[in-house]
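# Secondary and tertiary structure notes
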Amino acid sequence: MTEKIKEQILAIRDTGLTNMFDITAVQRLAYEREFYELVMFIEEHRKEYVRFIIAGK
């Protein structure tokens, strides 16, 4: 996971608009903010995304 992806995840989290485990909503918010890298990352590396949300790693 790159720093850019981490920054995008944290930016979505900081909006407070969705539960970060609602992956569909996270992807929608990311798409609306033109965080296309994050949208694709979640599609391709869902387990790594969830691990980051749970453990910060």
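As the structure is a prediction and not an experimental result, all values here were calculated from the model.

On to the overall build of the chain, then. Summing up its helical and strand segments, the chain has 4 helices and 0 strands in all. Reading the chain from its N terminus to its C terminus gives the helix and strand order α-α-α-α. Dimensions of the chain, computed from C-alpha atoms along their principal axes, come out at roughly 25 × 20 × 20 Å. Burial statistics for the chain: of 57 residues in total, 33% are counted as buried. In the chain, 45% of the contacts between residues at least 6 apart in sequence involve partners at least 24 apart. Split by element, the accessible area of the chain, about 3,900 Å² in all, is 52% carbon and sulfur. Placing the 9 positive and 10 negative side-chain charges of the chain at their respective mean positions leaves the two points 7 Å apart.

What follows concerns unusual backbone geometry. Even without being glycine, glutamate 34 reaches a positive phi, approximately 65°. As for its position among the elements, glutamate 34 is in the loop between helix H2 (23-32) and helix H3 (36-44). Since its relative accessible area comes to 54%, glutamate 34 is described here as exposed.

Turning next to the side chain of glutamine 27. Within the element layout of this structure, glutamine 27 appears in helix H2. In terms of polar contacts, glutamine 27 uses its side chain to reach the backbone carbonyl oxygen of valine 39, at 3.1 Å.

Okay, the packing of aromatic side chains next. One pass over the structure, following the stated rule, counts 1 aromatic pair. Ring geometry for tyrosine 31 versus tyrosine 36: centroids 5.4 Å apart, planes at 65°, classification edge-to-face. With relative accessibility at 53%, the residue tyrosine 31 sits in the exposed group. A relative accessible area of 39% means that tyrosine 36 is categorised as partly exposed.

What counts, and at which threshold
One numbering rule holds for all chains: residues counted from 1, following each sequence as written. Local features in this predicted model are restricted to residues whose pLDDT is 70 or higher, and side-chain atom pairs enter the listing and the counts only when it is 80 or higher, whereas totals over whole chains, interfaces and linings include all residues. In computing side-chain properties, one takes all heavy atoms of the structure into account and sets aside hydrogens as well as water. The way it works is that DSSP assigns letters per residue, a run of H or I at least four long becomes a helix, a run of E at least two long becomes a strand, and they are numbered from the N terminus. To sort residues, take the accessible area from a 1.4 Å probe on protein chains only and compare it with the maximum for the residue type: under 20% means buried, over 50% means exposed, and anything in between is partly exposed. By definition, residues are in contact when any of their heavy atoms lie within 4.5 Å. Surface exposure here means Shrake-Rupley accessible area, sampled with a 1.4 Å probe, where a residue is shielded only by the protein chains that are shown. Here the positive residues are Lys and Arg and the negative ones are Asp and Glu; neither His nor the chain ends is included. A single reference atom marks each charge: NZ on Lys, CZ on Arg, CG on Asp, CD on Glu. Any N or O atom pair separated by 3.5 Å or less is treated as a polar contact, with the protein-specific requirement of one donor-capable and one acceptor-capable atom, and with residues adjacent in sequence counted only for side-chain atom pairs. Two aromatic rings, drawn from Phe, Tyr or Trp (for Trp, its six-membered ring), form a pair once their centres lie within 6.5 Å of each other, and the interplanar angle then sorts them: stacked below 30 degrees, edge-to-face above 60, tilted otherwise.

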